[in-house]
Amino acid sequence: MRETVEERMDFINQMAESYGIKKAWFSDQVHFICYSASYAFEIRVCIGYSIKFCCNDDILWEQVRYYLSLFPEFLRA
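Computed from a predicted structure; not experimentally measured.

Draft legend 1. Summary view of the sheet that holds strand β3 (residues 50-55). One open sheet holds the 3 strands; their spatial order is β1-β2-β3, and the pairing between them is antiparallel. Among the strands making up the open sheet, the edge pair consists of β1 (31-35) and β3. In this sheet, adjacent strand axes meet at a mean angle of 5 degrees when their direction is disregarded. The sheet contacts of helix α1 (residues 5-18) involve β1 and β2 (39-44), and relative to β1 the element is tilted by about 25 degrees. Seen against the sheet, helix α2 (residues 58-68) touches β2 and β3 and runs at an angle of roughly 155 degrees to β3.

Draft legend 2. Inspection of α1 at higher detail. Relative to the 20 Å expected for 14 residues at 1.5 Å per residue, α1 spans 20 Å between its end C-alpha atoms, a close match to the ideal helical length. Residues of α1 that are buried: Arg8, Met9, Ile12 and Ala16. Mapping the buried residues of α1 onto a view down its axis gives an arc of 95 degrees, with all of them on the same face. Exposed residues lying more than 90 degrees from the buried face of α1 are Glu6, Gln14, Glu17 and Ser18. On the buried face of α1, the contacting elements are β1 and β2. Immediately downstream of α1, the backbone of glycine 20 shows phi near 75 degrees, a positive value.

Draft legend 3. Region of interest: the pairing of β1. In the sheet, β1 pairs with β2 via 5 bridges, with the strands oriented antiparallel. The residue of β2 that forms the bridge with isoleucine 33 is glutamate 42. Remark: 3 residues form the turn of the hairpin made by β1 and β2, two consecutive strands paired antiparallel.

Draft legend 4. How the structure looks around the environment of phenylalanine 53. Here phenylalanine 53 lies in strand β3. C-alpha separation for the pair phenylalanine 53 and alanine 40, spaced 13 residues apart in sequence, amounts to 5.8 Å. When neighbours within four sequence positions are excluded, phenylalanine 53 is seen to be in contact with Tyr39, Ala40, Phe41, Leu60, Trp61 and Val64.

Draft legend 5. Spotlight on the side chain of glutamate 42. Structurally, glutamate 42 is set in strand β2. Here glutamate 42 occupies a buried position and makes no salt bridge, while the nearest side chain of opposite charge, arginine 44, is found at 4.0 Å. Aside from chain neighbours lying at most four places away, what touches glutamate 42 is His31, Phe32, Ile33, Ser50, Ile51 and Lys52.

Cut-offs and rules
Residues numbered from 1 in each chain as written. Predicted model: local features only at pLDDT ≥ 70, side-chain atom pairs only at ≥ 80, totals over all residues. Heavy atoms only, no water. Pairing = 2+ DSSP bridges. Helix = DSSP H or I, 4+ residues; strand = E, 2+ residues; numbered from the N terminus. Axes fitted to C-alpha atoms, helices over the stretch in contact; angles between N-to-C directions. Contact = heavy atoms within 4.5 Å. Expected span 1.5 Å × (residues − 1). Buried < 20%, exposed > 50% of the residue type's maximum accessible area, 1.4 Å probe, protein only. Arc of directions from axis to C-beta. Lys, Arg positive; Asp, Glu negative; His and termini not counted. Salt bridge = Lys/Arg side-chain N within 4 Å of Asp/Glu carboxyl O.

And the structure:
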């Protein structure tokens with residue numbers, strides 16, 4: 001059985017809540033967006049999951065790469 005967009009977004013909301021992450025007011029039914037002075041994070045749940053993370057803090061960037069076990073080809077823009 002395939003997940004619906006609503007089910008995928010519910011999953012993301014539950015995960016974010018468990019980490020104390022609040023979504024931005026301009027998030028919608030398919031975009032979970034959060035940001036601070038040093039990062040921006042977007043998860044799209046249209047067809048599966050798509051994640052974008054932008055950061056201007058080198059230490060935070062390395063922590064995110066480590067914790068998410070990202071592939072070597074996932075490079076900082």
